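So the chains spell out like this:
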Amino acid sequence: MKPTWPLYLLFFLVAGIVGATISWGFLSESLEALGIPDPGPLTTAGLPFFRSGALMLMCLSVGSFYFAAFLTSPTPSEGAGIVQAPLRVDGALASRTGGIAALCTSLIALLLVPMYLSDVSGEPLSQALQPANWSVALNQVSTSLAWLWVAIIAAITGVGGLAARRWGSQPLLVLSSLGMLVPLGLEGHSATGGDHDYGTNSYLWHLFFMALWVGGLIALIAHGMRKGPDMATAVRRYSGLALVSALAMTASGLINAAIRIHLSDWLTTGYGLLITAKFVGVIILALFGFYHRKITIPKLDRQPALFRRVAIVEVAIMAAIAGIAVSLGRTPPPPPRSADINTMDVELGYKLFVAPTLSNVFTMWRFDIVFGTLAIVLAALYLRGVIILKRRGESWPLSRTLWFMGGCLMLLITMCSGIGMYMPALFSMHMVGHMILSMGVPVFWVLGGPLTLALRSIDASEPHQWVEALIDNPLIRMLTIPWVNTIQFVVFFYGLYLEPLYTTAISEHAGHLGMNVLFLLSGTIYFWELIGIDPLPGRGGPMGRIVWLTGSLPFHMFFGVALMQMQLILGLDFYSILGLPWSPDLLRDQNAGGGIAWASGQFPLVIVYAVLLREFYRDDRRQQKAYDKHAEDTGDEDLEAYNQMLADISAGKDTFRQL
């Protein structure tokens, strides 16, 4: 078995050297644009080198955990399910590799904190490394703060990867390792200026799919070098991910480039040439993927070394592209596409010219790359499952399809219409979006039974087990305990409006994005436990769920009434600097938001109560039928025994009176 660490080192060095070399070529131009002195070679060459290398380590971590979770099988565990199944040797090695890569990322991320202070201030790295300057870096340099968060997330992920022994931890580690990329996606050129909502969201997709594509391929190469089992199965599963990743990276990269530079700048500016080189690199990688599908995968059983050799060259190109991508962050971009940029562009990413009305919020349109894409993808996957069942001749209730499609359409319209555009700018519209995301879309989704559809439409045994693991795992069992579920919904529903948390959240694109994700997740878990069609372990009877729902109603009413009467304006500093042309009355708008919270929350509850009462009626009918059948089978012996008990009690009372 060949050692794999030299290969990891090769990819790290290729990415770092490419990033450092290109950045060094643009050094004088960058320093002139920033107006700072040269901080020295340790920063000017070391920063792009280590950032590029860290990006490859993140990819290795993501890909290793992804391999352990979905590209290889755990040890079969009788009666325990896949969640508790121990990892096989190849899965355990991959998890350990992912953990070590994450810990190395954490160390490099800590080094980059003072390096970015040195970079933006022009002071030597030796001075920036002094402990007294760390607070300056974290308080005044947003990129330093982003890398501190990377270090924290990476350290947690690394410890988890080294401690993991069972399959159930691996999907969580995939999410955690992807979380390392989030702080980087929310800073840099994409997060500033006009259209930064498009830039940030597309860049996040770009980073996620790059990590899955590059990291997954590295993990496959390592598995082949270890001569691990089931290589053909792993490659086949990865192949679909690679195709999706290539398409997603191309689309998101083009979107990101289109909002920052003109097409004419692609070949006439240094920044444009780097984007062109990166785009050409992705096309070359797509050709490698085509070659794999046509040549190496069909020969995998006979010539496994052919796949590894081609894949190593492919990853080396990927590493070079990662270096180019890092160089973009250190290369002065051309002037903005539009010189007409005001505070709304800076804070929101776009302009709002008129006050919202009932009509114009549904005629305005700005596609949301995160939630609009999510709505379309979920709807397509759901319809695919329905089509699979129809082709088999199996039935699927039309009502469930309509419910789920309605939820996806609701999400699409909410986030891509004027509602989504005005949400960051006005408290009242934020509350409209909040109520729809937490109490509208989730209700429709859970009544569509998407996980039940997945269980019925998926044939392969292991993907079927993945869906079962999503339904029945310790985390879901804990979150769907009625009192825990109620608390999590109430906390996320109201806790985000506490100051200064609310002001901090709305002041950044990351805050808006994070709040909307939390609203969707919290609402989906809450209503899944209450009225979901999908199976859920330990779900109580309908009467108990009605009691819990009724008990939570006072919180909803109190929150809305409190907002209607509150005189303190939430998020005053942020809303005041937007400079909206119609100069809204912020206190009146907030009070209107309270009215919306109080009134609009009642509409989905009508559906929830109707579903629970129907379940209660059906449950009562089932119990009655079961009792009638039991009575018929036993000749009403229970009733006779009950009557005899009453007779004995009556006789005992008569005897007592006589005494």
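In the block above lies the structure referred to throughout.
Residues numbered from 1 in each chain as written. Predicted model: local features only at pLDDT ≥ 70, side-chain atom pairs only at ≥ 80, totals over all residues. Heavy atoms only, no water.

Participant: Provide a residue-level description of the pattern of salt bridges, including the pertinent values.
Facilitator: It is possible for side chains of opposite charge to pair when their charged atoms get near one another. One pass over the full model with this rule turns up nine salt bridges. For Arg 366, the salt bridge goes to Asp 197, with nearest N and O atoms at 2.9 Å. Remark: Asp 197 occurs in helix α11 (residues 196–225) and Arg 366 occurs in the loop between α15 (343–347) and α16 (371–392); sequence separation between them is 169 residues. Asp 197 gets classed as buried once you look at its relative accessible area, which sits at 10%. The salt bridge involving Arg 392 is made with Asp 459; its shortest N-O contact spans 2.6 Å. Residue Arg 392 is found in helix α16, and its partner Asp 459 is found in the loop between α21 (450–457) and α22 (461–471); the two are separated by 67 residues along the sequence. The partly exposed category is assigned to Arg 392, whose relative accessible area is 31%. In the salt-bridge network here, residues are joined through shared partners; they are Arg 392, Glu 394, Arg 456 and Asp 459. (Salt bridge = Lys/Arg side-chain N within 4 Å of Asp/Glu carboxyl O. Helix = DSSP H or I, 4+ residues; strand = E, 2+ residues; numbered from the N terminus. Buried < 20%, exposed > 50% of the residue type's maximum accessible area, 1.4 Å probe, protein only.)

Participant: Give me the packing of aromatic side chains: which residues, what numbers.
Facilitator: Under the definition given, this model contains 19 aromatic pairs. On the numbers, 6.4 Å between centres and 85 degrees between planes, the contact of Phe 70 with Trp 167 is edge-to-face. Of this pair, Phe 70 sits in helix α4 (residues 46–71) while Trp 167 sits in the loop between α8 (142–163) and α9 (169–179); the two residues are 97 residues apart in sequence, bridging distant segments of the chain. Both rings, one in Phe 427 and one in Tyr 502, keep their centres 5.8 Å apart while their planes meet at 70 degrees; by these two values the pair is edge-to-face. With Phe 427 in helix α19 (residues 427–439) and Tyr 502 in helix α25 (residues 501–506), this pair connects stretches of sequence that are 75 residues apart. Tyr 502 shares its class with Phe 427; the two are buried. In textbook terms, an aromatic cluster arises when at least three aromatic residues are bridged by ring pairs, as seen for Tyr 66, Phe 70, Trp 167 and Trp 466. Here the guanidinium or amino end of Arg 400 rests over the ring plane of Trp 396, the centre of that ring lying 5.0 Å away. (Phe/Tyr/Trp six-rings, centres within 6.5 Å; stacked < 30°, edge-to-face > 60°. Lys NZ or Arg CZ within 6 Å of the ring centre and 35° of its normal.)

Participant: Account for empty space enclosed by the protein, with residues named and values stated.
Facilitator: A probe matching the size of a water molecule, rolled over the atoms, marks out where space remains unfilled. Applying the stated criterion across every chain yields a total of six cavities of 30 Å³ or more. What the largest cavity holds in volume is close to 340 Å³. Tyr 350, Asp 368, Gly 420, Pro 424 and His 509 are, among the 23 residues lining the largest cavity, the residues nearest its centre. For the lining of the largest cavity, the elements supplying multiple residues, two or more each, are α11, α18 (418–422) and α26 (509–531). In terms of residues, the lining of the largest cavity owes the most to one element, α26, which gives five residues. Its residues assigned to classes, the lining of the largest cavity shows twelve nonpolar, seven polar and four charged. (1 Å grid on protein atoms, 1.4 Å probe; cavity = no way out; pocket = protein on both sides within 12 Å on 5 of 7 lines; lining within 4 Å. Points joined across faces, edges and corners; volume = space filled by probe spheres on them. Nonpolar A, V, L, I, M, F, W, Y, C, P; charged D, E, K, R; others polar.)

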